[in-house]
Amino acid sequence: MKDAVYHFARDHGGSRDQFALLVFDSVDAPAPTFADVLAHVESRSPRIPGLGVRLRETLWGLDYPRWVRDDSPPRDHVVDHDLTEPSWDGVEAFIGELLSTRLDMRTLAWKLHVIRGARDAPLVQGAATLIVLQVGHALTDGSGVTRLLRALFVPHGDPTIDTPLPGHTSPDSTVRTALGVARGILFAPVDLAISRWEASRSLRAVLRTAMPPLLPASSLNRAVGSSRAVRIVPLSAGEVRAVNSTVTVSALAAVGSSLRRYLSAVDSSGGRDELGIAAMVPMALPPDCAWPSANRVVVGTVNLHVGIDNPEERPKHIARSLDRERTRVTGEPALRLARADERVPAPIVQFVQGRRFRRRIRNPEHVAGQTTVVSVNRGGADLELCGATARFTAGFPFLDDGRALTHGFFGLGDTVTVATVTCPEVMPSLGPYTQDLVDELRGRPNPG
């Protein structure tokens, strides 16, 4: 169910697809042609579990969609893009437009966008080749996208090429699909009753734990339009990671400081310290945790402790808040509640999801967190494409109504890339805000 809801949401709101960027540097060699890139993908993708499936809906939507074999050739998944403005600003503008697109996973579950000829790419010495892997969220989570990205571009002979995605089995046959639909129809009343009984019992245990408080909404917690703006800034890992802190904690501390300055100026709220700032943080489940879906992520709310001015003490408080929230959202009561929903029949899930979208509050008065912060380590910088070397990677957490600014911190080797995403109708000053965030990470906060 947790995978299928991303497919059911295809007609509700903006795109929830995942977009993973890799920037390659040819140094002194010529840049690979599109034919070269296509040949590379054609040689790799058939071997990679997860890139050979698509969704098939069941008759009248009586059961959840099934994964079936995708026999389309790799060339149907690879797209060559010619930038109107090949500067780095043009690259960011193009990716902003790309984030508004979505895949129909009944046709294609993934696409690989190739951007060639970009000038002024950060950290690149020679010709730059940019790859954006677009993956439907029903297929996998952020960790799974990293697996796919690495499988496509690790050196030949690396065993991770054949590593399957967590939560996935082989594609369903027609017979298995028919049996699944029949089972779903016959046992729907029983499944629903068991689900609600288990959910009620688990909810009582969840409510006995301390929940993060709701906070007043800010100017960033408004309805979002269809347009997107992005900023992409690669930094050395040493610039991002504060002393005795992880990249995630250091990133959260910097986001808190920058958001406090931004919201105090834009919202004219001098009491933002007292009101509080928090971030929604996706957290991966431990590998040994039993979980029924490919999306093995839960979301917690982390207090950014903006009222603490001491730059050494605040990361310590954030780290403790992060640990407490991870313990809460990955604890057995919360996971039992989430697993209970897996037994809800598909037609009911679709109906409830559609009703929630129609009744959604686009401009909330209170929020769990004013922004989202995603932190992902994509491993070593040994990725390559036709002789070109990977310099950095990035990702772009999707926006939703009530959440018009997201932050991503994506590591590759010794580089961590800061990627910010917003709706320019809500936040027209993403460039200055991102620069302030980068300065904060580097220890040179902008006094303005």
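Check the entry above for the structure.
Residue numbers restart at each chain and count upward from 1, following the sequence in its written direction. Only residues with pLDDT of at least 70 are given local features in this predicted model, and only at 80 or more are side-chain atom pairs given and counted; all residues enter the totals for whole chains, interfaces and linings. Based on all heavy atoms of the structure, the side-chain values leave hydrogens and waters out of the count.

(A) How the structure looks around the overall build of the protein. Labels follow the DSSP assignment, with helices taken as runs of H or I lasting at least four residues and strands as runs of E lasting at least two, numbered in each case from the N terminus. Scanning the protein from terminus to terminus reveals twelve helices and 16 strands. For a compact globule the rule gives 2.2 Å times the number of residues to the power 0.38, and the radius of gyration it is set against comes from C-alpha atoms. Relative to the 2.2 N^0.38 estimate, which gives 22 Å for 448 residues, the radius of gyration of the protein is 22 Å and therefore close to what a compact globule would have. For the protein, the spread of C-alpha atoms along the principal axes amounts to about 65 × 55 × 40 Å. Per-residue burial over the protein gives 52% buried out of 448 residues. When contacts within the protein are restricted to residue pairs at least 6 apart in sequence, long-range pairs at least 24 apart make up 77% of them. Partly exposed describes any residue whose relative accessible area lies between the buried limit of under 20% and the exposed limit of over 50%, with all areas from a 1.4 Å probe on protein chains only and scaled to the type maximum. Note on contacts: a residue pair is in contact if any heavy atoms of the two residues lie within 4.5 Å.

(B) Region of the structure containing the packing of aromatic side chains. Centres within 6.5 Å make a pair out of two Phe, Tyr or Trp rings, where for Trp the six-membered ring is used; the pair is then stacked when the planes are under 30 degrees apart, edge-to-face when over 60, and tilted otherwise. Counted under the stated rule, the structure contains four aromatic pairs. When the ring of Phe8 is compared with that of Tyr64, the centres are 6.2 Å apart and the planes differ by 25 degrees; the resulting orientation is stacked. Of this pair, Phe8 sits in helix α1 (residues 4-8) while Tyr64 sits in the loop between β2 (53-56) and β3 (66-69); the two residues are 56 residues apart in sequence, bridging distant segments of the chain. Tyr64 shares its class with Phe8; the two are buried. Charge-over-ring placement is defined geometrically: NZ (Lys) or CZ (Arg) within 6 Å of the ring centre, and within 35 degrees of the ring normal. In this arrangement the basic side chain of Arg360 is found over the ring face of Phe357, its NZ or CZ atom lying 3.9 Å from the centre.

(C) Geometry of the sheet that holds strand β14 (residues 388-395). One bridge is not enough; two strands pair if DSSP finds at least two bridges between them. The mixed open sheet is built from six strands, whose spatial order is β4-β5-β6-β1-β14-β13. Strands with a single pairing partner mark the edges of an open sheet, and in this sheet they are β4 (78-81) and β13 (384-385).

(D) Up close: the pattern of salt bridges. Should a side-chain nitrogen of Lys or Arg be within 4 Å of a carboxyl oxygen of Asp or Glu, the pair is scored as a salt bridge. Overall, the coordinates contain 22 salt bridges when judged by the stated rule. We note a salt bridge from Glu57 to Arg10, for which the minimum N-O separation is 3.2 Å. With Glu57 in the loop between β2 and β3 and Arg10 in the loop between α1 and β1 (18-25), the pair connects residues that are 47 residues apart, well separated along the chain. Of the charged contacts in the structure, one is a salt bridge between Glu440 and Arg261, with a shortest N-O distance of 2.9 Å. With Glu440 in helix α12 (residues 430-441) and Arg261 in helix α7 (residues 247-266), this pair connects stretches of sequence that are 179 residues apart. Here the salt bridges do not stand alone but share partners, grouping Arg10, Glu57, Asp104 and Arg106 into one network.

(E) Summary view of empty space enclosed by the protein. In this analysis a 1.4 Å probe is tested at points of a 1 Å grid over the protein atoms alone, and where it fits but cannot get out there is a cavity; an open set with protein on both sides within 12 Å along at least five of seven lines is a pocket; lining residues have an atom within 4 Å of a point. Grid points are joined across faces, edges and corners, and a volume is the space filled by probe spheres set on the points. With the rule as written, the count across this model stands at one cavity of 30 Å³ or more. In this structure, the largest cavity encloses a volume near 150 Å³. Amino acid classes used here: Ala, Val, Leu, Ile, Met, Phe, Trp, Tyr, Cys and Pro are nonpolar; Asp, Glu, Lys and Arg are charged; the rest, including Gly, are polar. Looking at the lining of the largest cavity residue by residue, the class counts come to five nonpolar, five polar and four charged.

(F) Here's a closer look at the sheet that holds strand β15 (residues 405-412). Taken together, the six strands give an open sheet; going across it, the order is β8-β16-β15-β12-β9-β10, and neighbouring strands pair in mixed fashion. Strands at the two margins of the open sheet, each flanked by one partner only, are β8 (229-236) and β10 (297-303). Across the sheet, the axes of successive neighbouring strands diverge by a mean angle of 20 degrees, strand direction being ignored. The sheet contact formed by strand β9 (residues 278-284) and strand β12 (residues 371-377) spans two bridges and is parallel. Bridging across to β12, Ala279 finds its partner in Thr371. Against the sheet, α12 contacts β8, β15 and β16 (415-422), and its axis sits at roughly 20 degrees relative to β8. A fitted line through C-alpha atoms serves as each axis, taken over the contacting stretch for helices, and the angle formed by two N-to-C directions is quoted from 0 to 180°.

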